[in-house]
Amino acid sequence: MQPYSIEMAWFKRDKKGIITSTQDKKEAPDGIWNKCPQCKKPLHYAEQVENNYVCHYCNFHLRIGSAEYFALLFDNNEYTELYGNLMSADPLNFVDTKKYTERIIDSIAKTGLKDAIRAAHGKIKGQDIVIACMDFNFIGGSMGSVVGEKIARSINYCIENKVPFLLISKSGGARMMEAAFSLMQMAKTAAKLALLSRAKIPYISLLTDPTTGGVTASYAMLGDINIAEPEALIGFAGPRVIKETIKKDLPKGFQTSEFVLEHGFLDFIVDRREMKNRIASFISLMNN
Ligand SMILES: [Zn+2]
């Protein structure tokens, strides 16, 4: 005898498919819950925002984008976006699983962003600052020509207006669809940062989870002060590639902020909840 049959199921769906029309759908309520990726405890959305997107239980720093960092750092979330209309061309007519041009259009539609970085001028604790912040949601925060160009123009702007520069990195590395054009951005941004330094204008680099590849190998490590969020992945190549190259086992956690700090590549690790105060005090120290 079968333990049960279809007719005996406790719950039976009598209408198939989703039948709610779009206009009748309800917005997700304010009390929405999310799960911490590290400790798996439930996080209430409003509390998350209040705690600067850091888990209250385990201090895990959730991945956030430029909109959240701007809100966190700029006074009253007031800022003027710079070069907001720059968009990527497709100089190589690149195609992988789909055309690069289509990938750009899809990413713009999905994220509401034009590319993987946004730059803006505002104030932090009353002091002028230009912040450029990468967005990981846009093609893995990859550095292509638009990222390089926005950084270069932002640096020019900082030199002309004598404003300190903060760059928040969050990137999988160079954008492979632009091949050598993306690699050229490393030299271009590094050269511009040298001009910024010659003009004696402070540059703070903030490395967040993850900062890897050509971004680590160029502007992310060139700050007058290099700071990172706790437990961020910071590296150049992935662990497997390094292991195969050097033929040695790698120490545990060797690509975390803490390990990188211990080995002298970072100046400070700063909890995100302290970030605004710390950056504002670095700027006031360097301005004077
Ligand atoms: Zn947690």
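Check the entry above for the structure.
Residues numbered from 1 in each chain as written. Predicted model: local features only at pLDDT ≥ 70, side-chain atom pairs only at ≥ 80, totals over all residues.

Here's the deal with the overall build of the protein chain
Point 1. Each helix and strand in the protein chain was counted, giving nine helices and nine strands.
Point 2. Counting only residues that meet the buried cut, the protein chain has 34% of its 288 residues in that class.
Point 3. Considering only contacts within the protein chain whose residues lie at least 6 apart along the sequence, 67% involve residues at least 24 apart. (Helix = DSSP H or I, 4+ residues; strand = E, 2+ residues; numbered from the N terminus. Buried ≥ 20, exposed ≤ 12 C-beta atoms within 10 Å, placed from the backbone. Contact = placed C-beta atoms within 7 Å.)

Considering the nonpolar core
Point 1. One finds Ile-131, Ala-132, Phe-165, Leu-166 and Ile-168 to be the most contacted residues of the largest nonpolar core, which totals 48 residues.
Point 2. Considering every element that reaches this core, the biggest residue donor is strand β5 (residues 127–134), with six residues.
Point 3. Beyond its immediate chain neighbours, meaning those up to four positions away, Ile-131 contacts Phe-70, Leu-73, Ala-120, Leu-166 and Ile-168. (Core = buried A, V, L, I, M, F, W, Y, C linked by C-beta atoms within 7 Å.)

Structural notes on the pairing of strand β6 (residues 165–171)
Point 1. Most of β6 sits inside the fold, with seven of its seven residues counted as buried.
Point 2. A two-sided burial pattern is seen for β6, the buried positions comprising Phe-165, Leu-167, Ser-169 and Ser-171 on one face and Leu-166, Ile-168 and Lys-170 on the other.
Point 3. As judged from the four bridges shared by β5 and β6, these two strands associate in the parallel manner. Its bridge partner lying in β6, Ile-131 is registered against Leu-166.
Point 4. With respect to chirality, the unit in which β5 leads through helix α4 (residues 145–161) into the neighbouring parallel β6 is right-handed.
Point 5. In this region the chain leaves β6, passes through helix α5 (residues 179–198) and returns to the parallel neighbour strand β7 (residues 203–211); the handedness of that crossover is right-handed. (Pairing = 2+ DSSP bridges. Right-handed = clockwise from strand over helix to strand, strands pointing away.)

Focus on the environment of Asp-90
Point 1. Within the secondary structure, Asp-90 is located in the loop between β3 (79–82) and α3 (100–111).
Point 2. When the 15 C-beta atoms within 10 Å are taken as the criterion, Asp-90 is described as partly exposed.
Point 3. Spatially, the C-alpha atoms of Asp-90 and Thr-101 are 6.4 Å apart, while their sequence positions differ by eleven residues.
Point 4. Residues within four places of Asp-90 in sequence aside, it is in contact with Tyr-100 and Thr-101.

Some points on α4
Point 1. Taking 1.5 Å as the rise per residue, α4 with 17 residues should run 24 Å; its terminal C-alpha atoms sit 24 Å apart, in good agreement.
Point 2. For α4, the set of buried residues is Val-146, Val-147, Gly-148, Lys-150, Ile-151, Ser-154, Ile-155 and Cys-158.
Point 3. Turning to α4, the residues buried within the fold contact β3, β4 (117–124), β5, β6 and α5.
Point 4. Two residues or fewer after α4 comes Lys-162, characterised by a positive phi angle close to 50°. (Expected span 1.5 Å × (residues − 1).)

Things to note about helix α2 (residues 66–73)
Each α-helix turn comprises 3.6 residues. Residues three or four places apart therefore point the same way.
Point 1. Listed in full, the buried residues belonging to α2 are Ser-66, Tyr-69 and Leu-73. Down the axis of α2, the buried side of the element spans an arc of 65°, and every buried residue falls inside it.
Point 2. Buried residues belonging to α2 abut β4, β5, β6 and α9 (275–287). (Arc of directions from axis to C-beta.)

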